[in-house]
Amino acid sequence: MDPGGEFPGVPIEHSGDFAAVPDAFQRLWTPHRMVYIEAGPTPHEESCPFCAAPKMDDEKALIVARGEFAYALLNLFPYNSGHLLVCPYRHVALYDDATAEEVAEMASLTQTAMRVIREISGCDGFNIGMNQGRVAGAGVADHLHQHVVPRWATDANFFPIIAETKAIPRLLGETRQAIADAWPRAADAGSLSAPDAP
C-alpha cells in the first residue's frame, strides 16, 4: 500500500521486484490507444462512427453537446485532452456539400467549444481545422468533421516526434463530463457568450 503517498490506499508494486532487468526508461501506460494500434487509423470501415454516435447515449458516445443540425463529441484518439470533433448529423463528406444551416451550427458549436474548453482548462490556444478526403489525412473521410484541439504553451515534448506517442493526462470519460457540465444550456446560454462588442 501507499499510505502517505500520491495514491493513498492503492496497492503499489515496486518494479525492482519484477523478473526483469531494470533500465533508465519511464513507462507511460496508455491502454486506450490499443484500439488504434491494433486496427489502424480507420477502425470503423464497416460503419460510420459519426452516424452511429448520435444513436447512442452521450456518455458512451463521448458527446458533449447536441444541436439541431450538428453535434460535438470528444475524439476517441485525441491529440490533446479536450480534443473535440464537431460533426453534422447528416452523412456528408465535404464542407462545400454541407447546407448553410449545418455550416452555421458547426461554427456556433466550435465557438462554444472554444469558450468552454478555455474556461475549464485554461488552454493558451487552439488548432481548428478539417481534413477533406483521405489523401488530406481524414481518418473518416466520408463524414465531415471539424477538429477543435486545445493547445498549451507547454504541451509539446519529445514523445510525438521520437516515440510517436502522445501523452494524454486525463481520461476521456472525465474530460467528456467536465466539458458537458460546463456547456451552456438553453436557459443559461449567455453565461459563456462572447463579450459585447465595443
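Our structure's up above, just so we're on the same page.
No experiment lies behind these values; they were computed from the predicted model shown.

Each value, and the rule that gives it
- Residues numbered from 1 in each chain as written.
- Predicted model: local features only at pLDDT ≥ 70, side-chain atom pairs only at ≥ 80, totals over all residues.
- Heavy atoms only, no water.
- Helix = DSSP H or I, 4+ residues; strand = E, 2+ residues; numbered from the N terminus.
- Polar contact = N/O pair within 3.5 Å; in protein donor to acceptor, adjacent residues only side chain to side chain.
- Contact = heavy atoms within 4.5 Å.
- Core = buried A, V, L, I, M, F, W, Y, C linked by side-chain atoms within 4.5 Å.
- Buried < 20%, exposed > 50% of the residue type's maximum accessible area, 1.4 Å probe, protein only.
- Disulfide = S-S within 2.5 Å.

### A closer look at the side chain of H147
Then step 1. Along the chain, the position of H147 falls in strand 5 (residues 146-151).
Then step 2. Among the polar contacts listed, one links the side chain of H147 to the side chain of H83, at a separation of 2.8 Å.
Then step 3. Every residue in contact with H147, bar those within four places of it in the chain, is listed here: N75, Y79, H83, L84, L85, N127, I128, G129 and N131.

### Digging into the nonpolar core
Then step 1. One finds V64, L84, I117, V148, I179 and W183 to be the most contacted residues of the largest nonpolar core, which totals 23 residues.
Then step 2. Elements with a minimum of two residues in this core: strand 1 (63-66), strand 2 (70-74), strand 3 (84-88), helix 4 (100-121) and helix 6 (172-182).
Then step 3. Here this core gets five residues from one element, more than from any other, and that element is helix 4.
Then step 4. Residue contacts for V64: discarding those within four places in its chain leaves A72, L73, L84, R176, I179, A180 and W183.
Then step 5. F50, A61, L85 and C87 belong to the second-largest nonpolar core, a separate cluster that totals nine residues.

### Notes on the state of the cysteines
Then step 1. According to the stated counting rule, one finds zero disulfides in the structure shown.
Then step 2. Left unpaired, C51 is separated from the closest cysteine sulfur, that of C48, by 3.8 Å.
Then step 3. On the basis of relative accessibility, which here comes to 24%, the residue C51 falls in the partly exposed class.
Then step 4. C87 takes part in no disulfide bond, and the closest cysteine sulfur, belonging to C48, lies 8.1 Å away.

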